[in-house]
There are 2 protein chains.
Amino acid sequence: MVNQHATAATKARILDAAENLFADNGFRGTTLRAITTKAGVNLAAVNYHFGSKEDLLAAVLDRRLGPLNRQRLAKLDQVLAAAAKTGRLPAPRDILHAFFEPTLRFRESEPGARACITIITRAITSAETIVRDEFLKQIEPMGRRLLAAMQAAYPGLPSHKLYMQTRFCLAAMQPLMMEDNMARMAPPDFKLPHELDRQLDILLDFCCQGLGNNHD
Amino acid sequence: MVNQHATAATKARILDAAENLFADNGFRGTTLRAITTKAGVNLAAVNYHFGSKEDLLAAVLDRRLGPLNRQRLAKLDQVLAAAAKTGRLPAPRDILHAFFEPTLRFRESEPGARACITIITRAITSAETIVRDEFLKQIEPMGRRLLAAMQAAYPGLPSHKLYMQTRFCLAAMQPLMMEDNMARMAPPDFKLPHELDRQLDILLDFCCQGLGNNHD
DNA sequence: GTCTATAGATTGATAGAC
DNA sequence: GTCTATCAATCTATAGAC
(Lines give C-alpha, C1' and ligand atoms only; values in the text may rest on other atoms or scores of the structure.)
Protein backbone atom coordinates (compact mmCIF):
# COMPACT_ATOMS: atom_id res chain seq x y z
CA MET A 1 0.00 0.00 0.00
CA VAL A 2 1.23 3.41 -0.94
CA ASN A 3 1.91 6.20 1.49
CA GLN A 4 -1.22 8.16 0.83
CA HIS A 5 -0.42 10.98 3.20
CA ALA A 6 2.92 11.62 1.61
CA THR A 7 1.40 11.37 -1.85
CA ALA A 8 -1.44 13.75 -1.16
CA ALA A 9 0.83 16.27 0.52
CA THR A 10 3.41 16.15 -2.25
CA LYS A 11 0.79 16.48 -4.95
CA ALA A 12 -0.78 19.45 -3.21
CA ARG A 13 2.59 21.16 -2.80
CA ILE A 14 3.30 20.67 -6.47
CA LEU A 15 -0.11 21.98 -7.47
CA ASP A 16 0.31 25.07 -5.30
CA ALA A 17 3.76 25.84 -6.64
CA ALA A 18 2.76 25.24 -10.25
CA GLU A 19 -0.34 27.38 -9.93
CA ASN A 20 1.63 30.38 -8.71
CA LEU A 21 4.40 29.97 -11.23
CA PHE A 22 2.04 29.48 -14.17
CA ALA A 23 0.26 32.65 -13.10
CA ASP A 24 3.49 34.62 -12.88
CA ASN A 25 5.38 33.27 -15.86
CA GLY A 26 2.95 31.36 -18.04
CA PHE A 27 3.09 27.68 -18.93
CA ARG A 28 6.07 27.81 -21.22
CA GLY A 29 7.85 30.25 -18.96
CA THR A 30 7.67 27.86 -16.05
CA THR A 31 10.12 24.98 -15.81
CA LEU A 32 9.67 21.75 -13.94
CA ARG A 33 12.78 22.67 -12.01
CA ALA A 34 11.22 25.93 -10.84
CA ILE A 35 8.07 24.10 -9.78
CA THR A 36 9.75 21.31 -7.88
CA THR A 37 12.22 23.67 -6.21
CA LYS A 38 9.42 25.96 -5.03
CA ALA A 39 7.40 22.96 -3.86
CA GLY A 40 10.41 21.53 -2.06
CA VAL A 41 10.11 18.21 -3.82
CA ASN A 42 12.31 16.25 -6.17
CA LEU A 43 12.54 17.07 -9.84
CA ALA A 44 11.17 13.67 -10.79
CA ALA A 45 8.08 14.09 -8.63
CA VAL A 46 6.01 15.89 -11.25
CA ASN A 47 6.36 13.13 -13.77
CA TYR A 48 5.80 10.50 -11.12
CA HIS A 49 2.62 12.03 -9.70
CA PHE A 50 1.10 13.69 -12.73
CA GLY A 51 2.68 12.06 -15.76
CA SER A 52 3.85 15.17 -17.57
CA LYS A 53 3.96 18.94 -17.40
CA GLU A 54 0.81 19.15 -19.50
CA ASP A 55 -1.07 16.80 -17.25
CA LEU A 56 0.03 18.92 -14.31
CA LEU A 57 -1.52 21.98 -15.93
CA ALA A 58 -4.78 20.10 -16.41
CA ALA A 59 -4.74 19.14 -12.73
CA VAL A 60 -4.06 22.73 -11.68
CA LEU A 61 -7.03 24.00 -13.65
CA ASP A 62 -9.28 21.14 -12.68
CA ARG A 63 -8.74 21.56 -8.96
CA ARG A 64 -10.11 25.11 -8.97
CA LEU A 65 -12.45 25.18 -11.95
CA GLY A 66 -14.39 22.13 -10.82
CA PRO A 67 -15.70 23.70 -7.60
CA LEU A 68 -15.99 27.17 -9.15
CA ASN A 69 -18.11 25.95 -12.03
CA ARG A 70 -20.36 23.99 -9.69
CA GLN A 71 -20.92 27.19 -7.75
CA ARG A 72 -21.70 29.17 -10.86
CA LEU A 73 -24.09 26.54 -12.16
CA ALA A 74 -25.89 26.27 -8.82
CA LYS A 75 -26.44 30.03 -8.74
CA LEU A 76 -27.57 30.08 -12.33
CA ASP A 77 -30.06 27.28 -11.72
CA GLN A 78 -31.37 29.18 -8.73
CA VAL A 79 -31.97 32.26 -10.85
CA LEU A 80 -33.71 30.33 -13.59
CA ALA A 81 -35.84 28.38 -11.12
CA ALA A 82 -36.92 31.54 -9.31
CA ALA A 83 -37.88 33.17 -12.58
CA ALA A 84 -39.82 30.11 -13.73
CA LYS A 85 -41.72 30.07 -10.45
CA THR A 86 -42.93 33.63 -10.90
CA GLY A 87 -43.56 33.13 -14.59
CA ARG A 88 -41.29 36.03 -15.57
CA LEU A 89 -38.27 36.14 -17.79
CA PRO A 90 -35.03 35.71 -15.89
CA ALA A 91 -33.28 39.05 -15.28
CA PRO A 92 -30.04 39.53 -17.22
CA ARG A 93 -28.49 41.09 -14.17
CA ASP A 94 -29.17 38.00 -12.09
CA ILE A 95 -27.78 35.74 -14.79
CA LEU A 96 -24.56 37.70 -15.08
CA HIS A 97 -24.34 37.96 -11.32
CA ALA A 98 -24.46 34.17 -11.10
CA PHE A 99 -21.36 34.09 -13.26
CA PHE A 100 -19.42 37.12 -12.08
CA GLU A 101 -19.96 36.98 -8.35
CA PRO A 102 -18.63 33.48 -7.66
CA THR A 103 -15.65 34.22 -9.89
CA LEU A 104 -14.57 37.39 -8.13
CA ARG A 105 -15.47 36.04 -4.69
CA PHE A 106 -13.46 32.92 -5.38
CA ARG A 107 -10.54 35.06 -6.44
CA GLU A 108 -10.46 36.70 -3.02
CA SER A 109 -10.86 33.47 -1.09
CA GLU A 110 -7.25 32.33 -1.21
CA PRO A 111 -3.92 33.31 -2.81
CA GLY A 112 -3.91 30.12 -4.86
CA ALA A 113 -7.38 30.82 -6.19
CA ARG A 114 -6.24 34.29 -7.19
CA ALA A 115 -3.31 32.83 -9.07
CA CYS A 116 -5.57 30.37 -10.85
CA ILE A 117 -7.95 33.14 -11.87
CA THR A 118 -4.99 34.90 -13.44
CA ILE A 119 -4.23 31.76 -15.43
CA ILE A 120 -7.79 31.41 -16.70
CA THR A 121 -8.13 35.12 -17.45
CA ARG A 122 -5.32 34.73 -19.91
CA ALA A 123 -6.44 31.35 -21.16
CA ILE A 124 -9.09 32.42 -23.65
CA THR A 125 -6.61 34.50 -25.65
CA SER A 126 -3.58 32.38 -24.94
CA ALA A 127 -1.15 31.39 -27.66
CA GLU A 128 -0.34 28.29 -25.65
CA THR A 129 -2.57 25.66 -27.19
CA ILE A 130 -2.57 23.45 -24.13
CA VAL A 131 -3.68 26.22 -21.81
CA ARG A 132 -6.42 27.34 -24.17
CA ASP A 133 -7.74 23.88 -24.89
CA GLU A 134 -7.69 22.73 -21.30
CA PHE A 135 -9.53 25.86 -20.25
CA LEU A 136 -12.13 25.54 -23.00
CA LYS A 137 -12.77 21.94 -22.06
CA GLN A 138 -13.54 23.06 -18.52
CA ILE A 139 -15.57 26.15 -19.38
CA GLU A 140 -17.59 25.02 -22.39
CA PRO A 141 -20.58 23.45 -20.61
CA MET A 142 -20.77 26.51 -18.36
CA GLY A 143 -20.64 28.81 -21.37
CA ARG A 144 -23.42 26.94 -23.09
CA ARG A 145 -25.62 27.17 -20.02
CA LEU A 146 -24.93 30.85 -19.62
CA LEU A 147 -25.76 31.58 -23.23
CA ALA A 148 -28.98 29.55 -23.01
CA ALA A 149 -29.99 31.58 -19.97
CA MET A 150 -29.30 34.82 -21.80
CA GLN A 151 -31.43 33.61 -24.70
CA ALA A 152 -34.20 32.90 -22.23
CA ALA A 153 -33.86 36.43 -20.90
CA TYR A 154 -34.03 37.99 -24.39
CA PRO A 155 -36.33 35.71 -26.37
CA GLY A 156 -36.82 38.16 -29.23
CA LEU A 157 -33.23 39.15 -29.85
CA PRO A 158 -31.32 37.93 -32.93
CA SER A 159 -29.01 35.26 -31.65
CA HIS A 160 -25.85 36.65 -33.22
CA LYS A 161 -26.36 39.97 -31.46
CA LEU A 162 -27.06 38.31 -28.15
CA TYR A 163 -24.00 36.12 -28.46
CA MET A 164 -21.79 39.09 -29.26
CA GLN A 165 -23.14 41.10 -26.37
CA THR A 166 -22.69 38.18 -24.01
CA ARG A 167 -19.08 37.89 -25.11
CA PHE A 168 -18.62 41.62 -24.51
CA CYS A 169 -19.90 41.13 -20.96
CA LEU A 170 -17.53 38.27 -20.28
CA ALA A 171 -14.62 40.18 -21.76
CA ALA A 172 -15.48 43.25 -19.70
CA MET A 173 -14.90 41.24 -16.54
CA GLN A 174 -11.24 40.77 -17.45
CA PRO A 175 -9.80 43.90 -15.80
CA LEU A 176 -11.42 42.90 -12.49
CA MET A 177 -10.02 39.40 -12.77
CA MET A 178 -6.48 40.73 -13.09
CA GLU A 179 -6.00 43.52 -10.66
CA ASP A 180 -2.42 44.40 -11.53
CA ASN A 181 -3.57 44.63 -15.11
CA MET A 182 -6.18 47.17 -13.98
CA ALA A 183 -3.41 49.11 -12.25
CA ARG A 184 -1.45 49.49 -15.46
CA MET A 185 -2.42 52.64 -17.33
CA ALA A 186 -4.43 53.83 -14.34
CA PRO A 187 -4.26 57.50 -13.41
CA PRO A 188 -1.90 58.04 -10.46
CA ASP A 189 -4.70 58.57 -7.96
CA PHE A 190 -6.75 55.55 -9.00
CA LYS A 191 -8.08 53.32 -6.25
CA LEU A 192 -10.15 50.26 -7.05
CA PRO A 193 -13.16 50.23 -4.69
CA HIS A 194 -12.19 48.14 -1.71
CA GLU A 195 -15.52 46.34 -1.48
CA LEU A 196 -16.02 43.53 -3.94
CA ASP A 197 -19.75 44.19 -4.13
CA ARG A 198 -19.05 47.72 -5.22
CA GLN A 199 -16.77 46.48 -8.01
CA LEU A 200 -19.47 44.04 -9.02
CA ASP A 201 -22.12 46.76 -9.05
CA ILE A 202 -20.08 48.93 -11.39
CA LEU A 203 -19.44 46.01 -13.71
CA LEU A 204 -23.05 44.80 -13.65
CA ASP A 205 -24.39 48.30 -14.19
CA PHE A 206 -22.14 48.63 -17.20
CA CYS A 207 -23.07 45.27 -18.71
CA CYS A 208 -26.80 45.50 -18.09
CA GLN A 209 -27.08 48.99 -19.46
CA GLY A 210 -24.97 47.77 -22.36
CA LEU A 211 -27.38 44.96 -23.02
CA GLY A 212 -30.08 47.55 -22.68
CA ASN A 213 -33.71 47.07 -23.38
CA ASN A 214 -32.59 45.14 -26.34
CA HIS A 215 -35.93 44.17 -27.76
CA ASP A 216 -35.48 45.94 -31.06
CA MET B 1 28.19 51.24 -48.52
CA VAL B 2 25.81 48.52 -47.55
CA ASN B 3 23.36 46.84 -49.84
CA GLN B 4 20.30 48.72 -48.73
CA HIS B 5 17.88 46.89 -50.97
CA ALA B 6 18.95 43.50 -49.72
CA THR B 7 18.88 44.74 -46.13
CA ALA B 8 15.44 46.26 -46.37
CA ALA B 9 14.01 43.21 -48.11
CA THR B 10 15.54 40.79 -45.63
CA LYS B 11 14.38 42.82 -42.67
CA ALA B 12 10.86 42.99 -44.05
CA ARG B 13 10.75 39.26 -44.68
CA ILE B 14 11.89 38.60 -41.14
CA LEU B 15 9.33 41.02 -39.71
CA ASP B 16 6.53 39.40 -41.70
CA ALA B 17 7.49 35.89 -40.67
CA ALA B 18 7.97 36.84 -37.03
CA GLU B 19 4.66 38.66 -36.88
CA ASN B 20 2.72 35.65 -38.09
CA LEU B 21 4.57 33.19 -35.90
CA PHE B 22 4.28 35.34 -32.78
CA ALA B 23 0.56 35.58 -33.44
CA ASP B 24 0.21 31.82 -33.87
CA ASN B 25 2.54 30.55 -31.19
CA GLY B 26 3.43 33.44 -28.90
CA PHE B 27 6.86 34.92 -28.28
CA ARG B 28 8.31 32.05 -26.31
CA GLY B 29 6.66 29.50 -28.57
CA THR B 30 8.41 30.95 -31.60
CA THR B 31 12.02 30.08 -32.28
CA LEU B 32 14.50 32.01 -34.34
CA ARG B 33 14.83 28.92 -36.48
CA ALA B 34 11.13 28.96 -37.27
CA ILE B 35 11.27 32.64 -38.12
CA THR B 36 14.31 32.48 -40.35
CA THR B 37 13.11 29.33 -42.09
CA LYS B 38 9.71 30.88 -42.83
CA ALA B 39 11.39 34.08 -43.98
CA GLY B 40 13.79 32.14 -46.19
CA VAL B 41 16.82 33.78 -44.62
CA ASN B 42 19.75 32.55 -42.65
CA LEU B 43 19.49 31.77 -38.95
CA ALA B 44 22.04 34.43 -38.10
CA ALA B 45 20.10 37.14 -39.93
CA VAL B 46 17.84 38.04 -37.00
CA ASN B 47 20.73 38.83 -34.72
CA TYR B 48 22.54 40.66 -37.47
CA HIS B 49 19.63 42.87 -38.46
CA PHE B 50 17.79 43.31 -35.18
CA GLY B 51 20.28 42.45 -32.44
CA SER B 52 18.20 39.92 -30.57
CA LYS B 53 14.88 38.13 -30.49
CA GLU B 54 13.52 40.71 -28.05
CA ASP B 55 14.56 43.59 -30.25
CA LEU B 56 12.84 41.84 -33.14
CA LEU B 57 9.60 41.76 -31.17
CA ALA B 58 9.91 45.47 -30.47
CA ALA B 59 10.40 46.09 -34.18
CA VAL B 60 7.37 43.94 -35.06
CA LEU B 61 5.15 45.91 -32.70
CA ASP B 62 6.61 49.25 -33.62
CA ARG B 63 6.10 48.82 -37.34
CA ARG B 64 2.32 48.47 -36.94
CA LEU B 65 1.55 50.33 -33.74
CA GLY B 66 3.32 53.48 -34.86
CA PRO B 67 1.00 54.16 -37.80
CA LEU B 68 -2.06 52.78 -36.01
CA ASN B 69 -1.59 55.04 -33.01
CA ARG B 70 -1.07 58.06 -35.22
CA GLN B 71 -4.39 57.27 -36.89
CA ARG B 72 -6.17 56.89 -33.60
CA LEU B 73 -4.73 60.11 -32.22
CA ALA B 74 -5.62 62.06 -35.35
CA LYS B 75 -9.24 60.89 -35.14
CA LEU B 76 -9.39 61.64 -31.45
CA ASP B 77 -8.03 65.14 -31.98
CA GLN B 78 -10.62 65.68 -34.68
CA VAL B 79 -13.41 64.67 -32.31
CA LEU B 80 -12.16 66.92 -29.54
CA ALA B 81 -11.60 69.85 -31.88
CA ALA B 82 -15.10 69.53 -33.36
CA ALA B 83 -16.61 69.45 -29.89
CA ALA B 84 -14.61 72.47 -28.76
CA LYS B 85 -15.74 74.40 -31.79
CA THR B 86 -19.43 73.89 -31.01
CA GLY B 87 -18.88 74.42 -27.30
CA ARG B 88 -20.36 71.05 -26.40
CA LEU B 89 -18.89 68.14 -24.51
CA PRO B 90 -17.28 65.54 -26.75
CA ALA B 91 -19.58 62.55 -27.32
CA PRO B 92 -18.38 59.29 -25.71
CA ARG B 93 -19.42 57.42 -28.81
CA ASP B 94 -17.19 59.56 -31.00
CA ILE B 95 -14.29 59.13 -28.60
CA LEU B 96 -14.58 55.36 -28.53
CA HIS B 97 -15.12 55.29 -32.28
CA ALA B 98 -11.82 57.11 -32.71
CA PHE B 99 -10.15 54.24 -30.91
CA PHE B 100 -12.14 51.23 -32.09
CA GLU B 101 -12.64 52.02 -35.74
CA PRO B 102 -9.00 52.43 -36.79
CA THR B 103 -8.13 49.30 -34.85
CA LEU B 104 -10.67 47.04 -36.49
CA ARG B 105 -10.23 48.66 -39.91
CA PHE B 106 -6.49 48.21 -39.64
CA ARG B 107 -7.01 44.58 -38.75
CA GLU B 108 -8.79 44.00 -42.04
CA SER B 109 -6.30 45.92 -44.12
CA GLU B 110 -3.68 43.20 -44.46
CA PRO B 111 -2.94 39.69 -43.17
CA GLY B 112 0.13 40.95 -41.33
CA ALA B 113 -1.87 43.65 -39.61
CA ARG B 114 -4.37 41.03 -38.51
CA ALA B 115 -1.58 38.94 -37.04
CA CYS B 116 -0.18 41.94 -35.21
CA ILE B 117 -3.60 42.77 -33.77
CA THR B 118 -3.70 39.24 -32.40
CA ILE B 119 -0.36 39.83 -30.71
CA ILE B 120 -1.46 43.08 -29.10
CA THR B 121 -4.84 41.68 -28.07
CA ARG B 122 -3.02 39.17 -25.95
CA ALA B 123 -0.34 41.60 -24.82
CA ILE B 124 -2.20 43.34 -22.00
CA THR B 125 -2.75 40.07 -20.15
CA SER B 126 0.40 38.36 -21.30
CA ALA B 127 2.62 36.45 -18.91
CA GLU B 128 5.53 37.25 -21.19
CA THR B 129 7.07 40.32 -19.62
CA ILE B 130 8.72 41.51 -22.79
CA VAL B 131 5.51 41.39 -24.80
CA ARG B 132 3.56 43.19 -22.11
CA ASP B 133 6.15 45.87 -21.48
CA GLU B 134 6.82 46.56 -25.13
CA PHE B 135 3.11 46.89 -25.77
CA LEU B 136 2.56 49.16 -22.78
CA LYS B 137 5.39 51.40 -23.89
CA GLN B 138 3.68 51.82 -27.25
CA ILE B 139 0.12 52.20 -25.97
CA GLU B 140 0.56 54.31 -22.85
CA PRO B 141 0.46 57.79 -24.41
CA MET B 142 -2.59 56.75 -26.42
CA GLY B 143 -4.27 55.41 -23.28
CA ARG B 144 -3.63 58.63 -21.42
CA ARG B 145 -5.12 60.67 -24.21
CA LEU B 146 -8.15 58.45 -24.44
CA LEU B 147 -8.78 58.64 -20.71
CA ALA B 148 -8.40 62.42 -20.74
CA ALA B 149 -10.97 62.63 -23.51
CA MET B 150 -13.37 60.45 -21.55
CA GLN B 151 -12.91 62.69 -18.54
CA ALA B 152 -13.75 65.66 -20.73
CA ALA B 153 -16.90 63.85 -21.86
CA TYR B 154 -18.00 63.08 -18.29
CA PRO B 155 -16.75 66.03 -16.23
CA GLY B 156 -18.83 65.20 -13.17
CA LEU B 157 -18.10 61.50 -12.86
CA PRO B 158 -15.85 60.14 -10.09
CA SER B 159 -12.57 59.35 -11.76
CA HIS B 160 -12.28 55.81 -10.47
CA LYS B 161 -15.65 54.88 -11.94
CA LEU B 162 -14.84 56.47 -15.27
CA TYR B 163 -11.52 54.69 -15.42
CA MET B 164 -13.11 51.35 -14.66
CA GLN B 165 -15.79 51.83 -17.26
CA THR B 166 -13.25 52.90 -19.84
CA ARG B 167 -11.30 49.73 -19.14
CA PHE B 168 -14.49 47.70 -19.55
CA CYS B 169 -14.99 49.29 -22.96
CA LEU B 170 -11.46 48.51 -24.07
CA ALA B 171 -11.74 44.95 -22.79
CA ALA B 172 -15.08 44.48 -24.54
CA MET B 173 -13.36 45.07 -27.88
CA GLN B 174 -11.25 41.96 -27.38
CA PRO B 175 -13.58 39.38 -28.97
CA LEU B 176 -13.75 41.47 -32.15
CA MET B 177 -9.98 41.77 -32.25
CA MET B 178 -9.57 38.00 -32.21
CA GLU B 179 -12.11 36.48 -34.49
CA ASP B 180 -11.24 32.85 -33.93
CA ASN B 181 -11.56 33.54 -30.25
CA MET B 182 -15.09 34.80 -30.93
CA ALA B 183 -15.81 31.59 -32.81
CA ARG B 184 -14.96 29.46 -29.81
CA MET B 185 -18.00 28.80 -27.64
CA ALA B 186 -20.24 30.27 -30.31
CA PRO B 187 -23.56 28.54 -31.04
CA PRO B 188 -23.31 26.40 -34.17
CA ASP B 189 -25.29 28.81 -36.33
CA PHE B 190 -23.35 31.90 -35.28
CA LYS B 191 -22.24 34.28 -38.01
CA LEU B 192 -20.33 37.42 -37.20
CA PRO B 193 -21.86 40.28 -39.23
CA HIS B 194 -19.89 40.56 -42.42
CA GLU B 195 -19.78 44.35 -42.41
CA LEU B 196 -17.21 45.87 -40.11
CA ASP B 197 -19.41 48.90 -39.48
CA ARG B 198 -22.15 46.62 -38.24
CA GLN B 199 -19.77 44.96 -35.80
CA LEU B 200 -18.66 48.39 -34.67
CA ASP B 201 -22.23 49.54 -34.17
CA ILE B 202 -23.02 46.61 -31.92
CA LEU B 203 -19.89 47.18 -29.88
CA LEU B 204 -20.40 50.94 -29.64
CA ASP B 205 -24.06 50.54 -28.73
CA PHE B 206 -23.06 48.19 -25.95
CA CYS B 207 -20.30 50.43 -24.59
CA CYS B 208 -22.20 53.70 -24.79
CA GLN B 209 -25.31 52.30 -23.18
CA GLY B 210 -23.00 50.76 -20.60
CA LEU B 211 -21.45 54.13 -19.87
CA GLY B 212 -24.99 55.43 -19.75
CA ASN B 213 -26.07 58.85 -18.73
CA ASN B 214 -23.54 58.48 -16.00
CA HIS B 215 -23.92 61.83 -14.31
CA ASP B 216 -24.88 60.46 -10.91
C1' DG C 1 25.30 40.69 -45.78
C1' DT C 2 25.10 35.94 -45.78
C1' DC C 3 26.59 31.73 -44.45
C1' DT C 4 28.24 27.45 -41.57
C1' DA C 5 29.40 25.69 -37.46
C1' DT C 6 29.19 25.59 -32.86
C1' DA C 7 29.38 27.27 -28.18
C1' DG C 8 26.92 27.34 -23.94
C1' DA C 9 22.92 26.93 -21.46
C1' DT C 10 18.26 24.84 -20.58
C1' DT C 11 14.68 21.97 -21.14
C1' DG C 12 11.21 17.71 -20.20
C1' DA C 13 11.60 13.25 -19.27
C1' DT C 14 13.39 8.77 -17.50
C1' DA C 15 16.28 4.82 -15.75
C1' DG C 16 17.58 2.72 -11.81
C1' DA C 17 19.44 2.83 -6.88
C1' DC C 18 17.49 3.21 -2.35
C1' DG D 1 7.76 7.53 -3.16
C1' DT D 2 11.96 9.78 -3.40
C1' DC D 3 16.28 10.48 -5.11
C1' DT D 4 20.56 11.20 -8.26
C1' DA D 5 22.30 11.22 -12.56
C1' DT D 6 21.80 11.77 -17.10
C1' DC D 7 19.96 11.65 -21.89
C1' DA D 8 18.46 13.71 -25.98
C1' DA D 9 16.55 17.55 -27.76
C1' DT D 10 15.98 21.89 -27.75
C1' DC D 11 17.19 26.95 -27.60
C1' DT D 12 19.67 31.91 -28.41
C1' DA D 13 23.57 33.92 -29.73
C1' DT D 14 28.10 34.46 -31.89
C1' DA D 15 32.67 33.73 -34.11
C1' DG D 16 34.73 33.67 -38.31
C1' DA D 17 34.95 32.16 -43.40
C1' DC D 18 33.29 33.90 -47.70
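This write-up is about the structure you can find in this document.

Calculation rules
Residues numbered from 1 in each chain as written. Chains lettered and ligands numbered in written order. Predicted model: local features only at pLDDT ≥ 70, side-chain atom pairs only at ≥ 80, totals over all residues. Heavy atoms only, no water. Least-squares fit on C-alpha atoms with pLDDT ≥ 70 in both. Contact = heavy atoms within 4.5 Å. Salt bridge = Lys/Arg side-chain N within 4 Å of Asp/Glu carboxyl O. Helix = DSSP H or I, 4+ residues; strand = E, 2+ residues; numbered from the N terminus. Buried < 20%, exposed > 50% of the residue type's maximum accessible area, 1.4 Å probe, protein only. Buried area = accessible area lost by both parts, 1.4 Å probe. Polar contact = N/O pair within 3.5 Å; in protein donor to acceptor, adjacent residues only side chain to side chain.

**Comments concerning the relation of the copies chain A and chain B**
Logical step 1: Least-squares fitting of chain A to chain B yields an RMSD of 0.0 Å, with the transformation described by 0.0 Å of translation along the axis and a rotation of 180°. The transformation relating the two chain copies, once decomposed into turn and shift, fits a two-fold axis. Across chain A, the rotation axis passes nearest the C-alpha of Gly-210 of chain A, at a separation of 2.0 Å.
Logical step 2: Comparing interface residues between copies, 96% of those in chain A also sit at the interface in chain B, which points to an isologous, same-surface contact.

**Some words on the pattern of salt bridges**
All names here are of chain A.
Logical step 1: The tally for this structure, following the rule as stated, stands at 28 salt bridges over all chains.
Logical step 2: With a shortest N-O distance of 3.0 Å, Asp-16 and Arg-63 are connected by a salt bridge. Taken together, the residues span a long stretch of sequence, with Asp-16 in helix α1 (residues 4-25) and Arg-63 in helix α4 (residues 53-86) at a distance of 47 residues.
Logical step 3: A relative accessible area of 33% means that Asp-16 is categorised as partly exposed.
Logical step 4: Of the charged contacts, one joins Glu-134 and Lys-137 as a salt bridge, the two residues approaching to 3.6 Å between their closest N and O atoms.

**Some points on the interface of chain A and chain B**
Logical step 1: Listed as interface residues are 52 residues of chain A and, on the opposing side, 50 residues of chain B.
Logical step 2: With both sides pooled, the region where chain A packs onto chain B buries about 4700 Å², and carbon together with sulfur makes up 69% of that total.
Logical step 3: Broken down residue by residue, the surface that chain A buries against chain B is led by Phe-168, Met-185 and Phe-206 of chain A, which jointly contribute 17%.
Logical step 4: On the surface where chain A and chain B come into contact, there are 0 salt bridges.
Logical step 5: Our count for the contact surface shared by chain A and chain B stands at 14 residue pairs in polar contact (both at pLDDT 80 or more).
Logical step 6: Secondary-structure elements contributing two or more residues to the side of chain A that touches chain B are α1, α7 (129-153), α8 (159-172), α9 (174-177), α10 (179-183) and α11 (196-211) of chain A.
Logical step 7: Tallying contributions element by element places α8 of chain A first for the side of chain A that touches chain B, with 12 residues.

**Some remarks on the environment of Met-150 of chain A**
All names here are of chain A.
Logical step 1: With respect to the element layout, Met-150 can be found in helix α7.
Logical step 2: Spatially, the C-alpha atoms of Met-150 and Cys-207 are 13 Å apart, while their sequence positions differ by 57 residues.
Logical step 3: Setting aside residues up to four positions removed in sequence, Met-150 forms contacts with Ile-95, Leu-162, Thr-166 and Leu-211.

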